[in-house]
Amino acid sequence: MVTLNKIYTRTGDNGTTSLATGETVAKFDARVEAYGAVDEANAAIGVVRLHSAADAELDAILGRIQNDLFDLGADLATPERGKPLAWEALRILPNQVTRLEKEIDAMNAAIPALDSFILPGGSALSAYLHVARTITRRAERQVASLMETEGEIVSDAVLHYLNRLSDLLFVAGRRANANGAEDVKWVPGLTR
């Protein structure tokens with residue numbers, strides 16, 4: 001467990017930060033950008049949860065996901081460098097991805113199929129879920145970019161988790177719109 005007695009350390013005042021391995025990198029390093037975006041997604045889900053209390057099942061799923069996202073951030077903050085660590089690195093596992101898939105399928109079973117793209121909105125809860133979804137998509141893109149960076153190793157499960165999470169947030173947004181009945185459909189060329 002982490003103990004934080006002092007919040008500011010001044011160690012980042014020169015534009016660098018430390019990974020969990022102790023390695024010093026620039027604050028704009030691809031790995032830092034990736035776990036920073038994951039942190040943003042987690043914060044957005046925290047805002048979603050201010051509005052999800054009426055749906056206890058969804059709120060519980062989102063609470064667990066917030067914890068998973070801290071695990072995922074820890075995974076990204078602990079790069080695999082081919083050297084033994086003094087501790088067991090926390091890694092996202094395939095079963096966490098499978099759990100998201102099962103939750104997506106369960107939610108989606110009660111929602112009619114889409115016959116159009118939808119606009120983010122409808123209810124406040126749905127709008128907030130879409131904000132969290134788009135931030136999660138950005139985190140996914142940044143992880144994908146990190147995976148393409150020479151010398152960087154990221155497990156496939158990290159990328160798969162973020163991909164499924166954005167799907168779950170989309171389906172949850174439809175659930176929050178009376179199971180799709182209040183979705184706002186895109187009308188191509190409407191304002192030409």
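Residues numbered from 1 in each chain as written. Predicted model: local features only at pLDDT ≥ 70, side-chain atom pairs only at ≥ 80, totals over all residues. Heavy atoms only, no water.

1. Observations concerning the environment of A181
Within the fold, A181 resides in the loop between α5 (156-176) and β4 (184-185). Residues A181 and D75 lie 106 residues apart in sequence; the distance between their C-alpha atoms is 39 Å. (Helix = DSSP H or I, 4+ residues; strand = E, 2+ residues; numbered from the N terminus.)

2. Digging into α5
Counted at 1.5 Å a residue, the expected span for α5 with its 21 residues is 30 Å, and the 30 Å between its end C-alpha atoms agrees. Directly after α5, the chain includes A178, whose backbone phi takes a positive value near 55 degrees. (Expected span 1.5 Å × (residues − 1).)

3. A few points about helix α4 (residues 124-147)
Compared with an ideal rise of 1.5 Å per residue, which puts 24 residues at 34 Å, α4 spans 35 Å between its outermost C-alpha atoms and is within 8% of the ideal. Three or more residues of α4 are buried, namely L125, S126, L129, H130, A132, R133, I135, T136, A139, E140, V143 and L146. Residues of α4 that are buried make contact with α1 (30-49), α2 (56-77), β3 (118-119) and α5. (Buried < 20%, exposed > 50% of the residue type's maximum accessible area, 1.4 Å probe, protein only. Contact = heavy atoms within 4.5 Å.)

4. Observations concerning unusual backbone geometry
Even without glycine at this site, A178 takes up a positive phi of about 55 degrees. Here A178 is to be found in the loop between α5 and β4. Backbone geometry places N179, a non-glycine residue, at a positive phi of 55 degrees. Tracing the sequence through the fold places N179 in the loop between α5 and β4. N179 gets classed as partly exposed once you look at its relative accessible area, which sits at 29%.

5. Quick notes on the packing of aromatic side chains
In this structure the tally under the stated criterion is one aromatic pair. Considering the side-chain rings of F117 and W186, the 5.8 Å spacing of their centres and the 55 degrees angle between planes classify their relative orientation as tilted. Here F117 is found in the loop between α3 (94-108) and β3, whereas its partner W186 is found in the segment after β4, with 69 residues between them in sequence. The exposure class assigned to F117 is exposed, which follows from its relative accessible area of 61%. (Phe/Tyr/Trp six-rings, centres within 6.5 Å; stacked < 30°, edge-to-face > 60°.)

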